[in-house]
Each structure stands twice: as structure tokens, then as C-alpha cells.
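Read off the chains here:
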Amino acid sequence: MSNVYRALPSLNALRAFEAAGRHLNFRAAADELFVTQGAVAQQVRILEEHIGFALFHRLQKGVALTGQGAIYFVEVTRAFEILKKATTQILKEPKTVTISVTPTFATKILLPNLSALATAVPDIDLRTVATESIADFDRDQVDIAVRLTRPPFPSSFDTQLLFKQKLVAVANPYFVADITLPMSLKQLKEMPLLHDSHNHWPRFLNTTDKLPGAVFNQTALALDAALAGQGIAIACQAFVQADLSAGRLLQVSELDLTVEPDYYLIRKRTSVSQPAVDAIWEWFIENLVVG
């Protein structure tokens, strides 16, 4: 493989030859390439020495391609056209930004906002990875992550607080239709409770007693069960705000509890310009930060 690459002439020499072949004049080629006429002549000589035969007849006024030079000119021109086409094509392709988010954030916040995001940044394809595991930005090729975390943060990262975990208890309106709201702590303890892996109910209810009820490994599943009228779930208010506003869920108690850690937007700092990543980052800050 390395021998093949060593057999290739330099790109500068090929560019000089291609320009000179089109203009049949070293000075005109030099003007196009913003170099001196001597530089073009030198690059052509380097190319001729590399391939072992003359490419031009040097004339008093300009140059003329030799027979072998004319054949080579056609092939080099074709190669440059292929490179130009490939470059143009890849520049037309949408930029892809990969964001790693928790499953509940994906379901309850990102998915409902996808159409607004697509309208705001129409030339960017968003690739979403929903996982609770810690994102390795380099290994997983992640551009932005949303995670439950807390300061301090490494100096190599940019971070932005999205919202704190303000927990509220919610249920389907029909499930609590015969109950006077808001419910007391005593009433909540007697209801079918829907648990997730964060297990915030004991702290919310200020009890060490074992609390019965269905257990789910993700908050989104517990909320789906609540929407289906299976019991009362507890979740970050940001995750249920859309359902509360639409009347699909009711906050059944005046109690709330703010717990740590908080939800942060995170990305690695880089000196390389990343307009697509910057656009997604700014959209998240402008639209999803809860003050």
C-alpha cells in the first residue's frame, strides 16, 4: 500500500500541470494558481522527472502538450473532476450531530420537540442515542450529552444546567376522579404507587416503610403506566409538564421535592469550528432550559 502512494506525484505538481495544460501557457497557469511563472515551470519539471518523460514542448509563445502529455492531461483532468464531484457531493450532505440522552429525556422532552428542532436547523441530521450509561465522547462519537450530574466539571468540558429535579406526583385524571385533590401524605401512601430505578418515593413520602407497587427500570415506563391509569408516578416536573398542560396527567398532591443531581447539557471543548454542533447546543439552551 505504501509503495502505491509513493508512486503518486505531488498534488502541487499535478495542479500546475493541469492548469498549464488547459491554458497552454505557464504565465496564465501561474496567474490562476496565484504563484509565479517560475514556480509553475518548476512543478512541471518535477512532474516530468517523476514520470520520466516530457509533458510539454516549450515554444517561444506558450507551450504545447507532447503526445504522452496530451494522454496524461486527459486522465489527470478526469481525476480532478472526480475529486471535485466527490467534494461537492459531501458538502451537500446534511451535517450529522450525535446527542446522547437518557431514555426519559428522549421520550418526554426530545421527541415532542423534534419537529421544532428540525425546523430551526433544517440542514442538520440529529442522531439520538438513548442510554443511561456515561457517554465517552471520543469512543462513542458523541457530540453532545444530557446527563444527571453535578459540578465540578473537568475544564475540558462545556456544561449548561438544563433543569433541576423537582419531583411531583402525577396520575391519570380518571384514576383519581373519585378522590378529593390535593391528596395528603397519608392518602398517597395508601395508593398504588409506580416506582422507577431512582426510587424517590420513600424520600418523597418521608418514610422508611417498604412501599408496595409496580417497579419499572425507567421513569418513562412508570409514567406510561400512570398515563394508562395504573397508579401514581413520581417524576421530574420537566418530564411531565407537557402531559400536565394537556390534561393527560394531574398533579395529585401539593407536595414536591427537589433532589440532586441536576440535568446538564455537556460537550467536549474543541478548538475546531463545529457550526452544526454549536447550532444544536444553542437551540437546546434557548428552548429547553427551565429557569
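Provided above is the structure to which this section pertains.
Residues numbered from 1 in each chain as written. Predicted model: local features only at pLDDT ≥ 70, side-chain atom pairs only at ≥ 80, totals over all residues. Heavy atoms only, no water.

### Looking at the packing of aromatic side chains
Any two aromatic rings considered together are summarised by their centre-to-centre distance and by the angle between their planes.
Phase 1 of the analysis: Taken as a whole and assessed by the stated rule, the structure comprises 13 aromatic pairs.
Phase 2 of the analysis: Their ring planes at 75° and their centres at 5.7 Å tell us that Trp283 and Phe284 sit as a pair that is edge-to-face. Per residue, the accessibility class of Trp283 equals that of Phe284, and both read buried.
Phase 3 of the analysis: An aromatic cluster is present here, built from Phe105, Phe163, Phe239, Tyr263, Trp283 and Phe284 joined pairwise through their rings.
Phase 4 of the analysis: Arg267 extends its terminal NZ or CZ atom over the ring of Trp281, reaching a point 4.5 Å from the ring centre. (Phe/Tyr/Trp six-rings, centres within 6.5 Å; stacked < 30°, edge-to-face > 60°. Buried < 20%, exposed > 50% of the residue type's maximum accessible area, 1.4 Å probe, protein only. Lys NZ or Arg CZ within 6 Å of the ring centre and 35° of its normal.)

### Re the pairing of strand β3 (residues 95–101)
Phase 1 of the analysis: The buried count for β3 comes to five of seven residues, which makes it a mostly enclosed element.
Phase 2 of the analysis: As defined by bridge partners, β3 adjoins strand β4 (residues 124–130) across seven bridges and the pair is classed as parallel. Counterpart to Val97 in the pairing with β4 is Leu126.
Phase 3 of the analysis: One ladder, built from two bridges, connects β3 with strand β5 (residues 144–149); its direction is parallel. Bridge pairing in β5 places Ser100 opposite Ala145. (Helix = DSSP H or I, 4+ residues; strand = E, 2+ residues; numbered from the N terminus. Pairing = 2+ DSSP bridges.)

### What to know about the layout of surface pockets
Phase 1 of the analysis: Estimated volume of the largest pocket: approximately 370 Å³.
Phase 2 of the analysis: Along its surface, the largest pocket is lined by 17 residues, and Ile109, Gln237, Ala238, Gln241 and Val290 are the ones closest to its centre.
Phase 3 of the analysis: For the lining of the largest pocket, the elements supplying multiple residues, two or more each, are α6 (103–110), β6 (157–171), α11 (237–246) and α12 (275–288).
Phase 4 of the analysis: Of all the elements, α11 adds the most residues to the lining of the largest pocket, at five residues. (1 Å grid on protein atoms, 1.4 Å probe; cavity = no way out; pocket = protein on both sides within 12 Å on 5 of 7 lines; lining within 4 Å. Points joined across faces, edges and corners; volume = space filled by probe spheres on them.)

### Observations regarding empty space enclosed by the protein
Phase 1 of the analysis: Taken as a whole and judged by the stated rule, the model has two cavities of 30 Å³ or more.
Phase 2 of the analysis: By volume, the largest cavity is sized at about 70 Å³.
Phase 3 of the analysis: Lining the largest cavity are Gln165, Leu167, Asp196, His198, His200, Thr219, Ile234, Ala235, Cys236, Phe239 and Tyr263.
Phase 4 of the analysis: Within the residue set of the lining of the largest cavity, elements represented by two or more residues are β6 and β8 (232–236).
Phase 5 of the analysis: The greatest single-element share of the lining of the largest cavity, amounting to three residues, is contributed by β8.
Phase 6 of the analysis: For the lining of the largest cavity, a count of residues per class yields six nonpolar, four polar and one charged.
Phase 7 of the analysis: By volume, the second largest cavity amounts to about 50 Å³.
Phase 8 of the analysis: Lining the second largest cavity, in full, are Thr102, Thr104, Glu132, Ser197, His198, Asn217, Gln218, Thr219 and Tyr263.
Phase 9 of the analysis: Looking at side-chain class alone, the lining of the second largest cavity contains one nonpolar, seven polar and one charged residues. (Nonpolar A, V, L, I, M, F, W, Y, C, P; charged D, E, K, R; others polar.)

### Brief notes about helix α2 (residues 11–23)
Phase 1 of the analysis: Taking 1.5 Å per residue as the helical rise, α2 with its 13 residues ought to reach 18 Å, and the 18 Å between its terminal C-alpha atoms agrees with that figure.
Phase 2 of the analysis: Taken residue by residue, α2 has Ala13, Leu14, Ala16, Phe17, Glu18, Ala19, Ala20 and Gly21 as its buried positions.
Phase 3 of the analysis: Phi turns positive, to about 50°, at Leu24, one or two residues after α2. (Expected span 1.5 Å × (residues − 1).)

### Considerations on α6
Phase 1 of the analysis: Of all eight residues making up α6, seven are buried, and the element is well covered by its neighbours.
Phase 2 of the analysis: By the burial criterion, the buried members of α6 are Pro103, Thr104, Phe105, Ala106, Lys108, Ile109 and Leu110.

### Section: the pairing of β5
Phase 1 of the analysis: In this sheet, strand β9 (residues 250–268) lies alongside β5 in antiparallel orientation, the contact comprising five bridges. Bridging from a neighbouring strand, Arg147 pairs with Tyr264 of β9.

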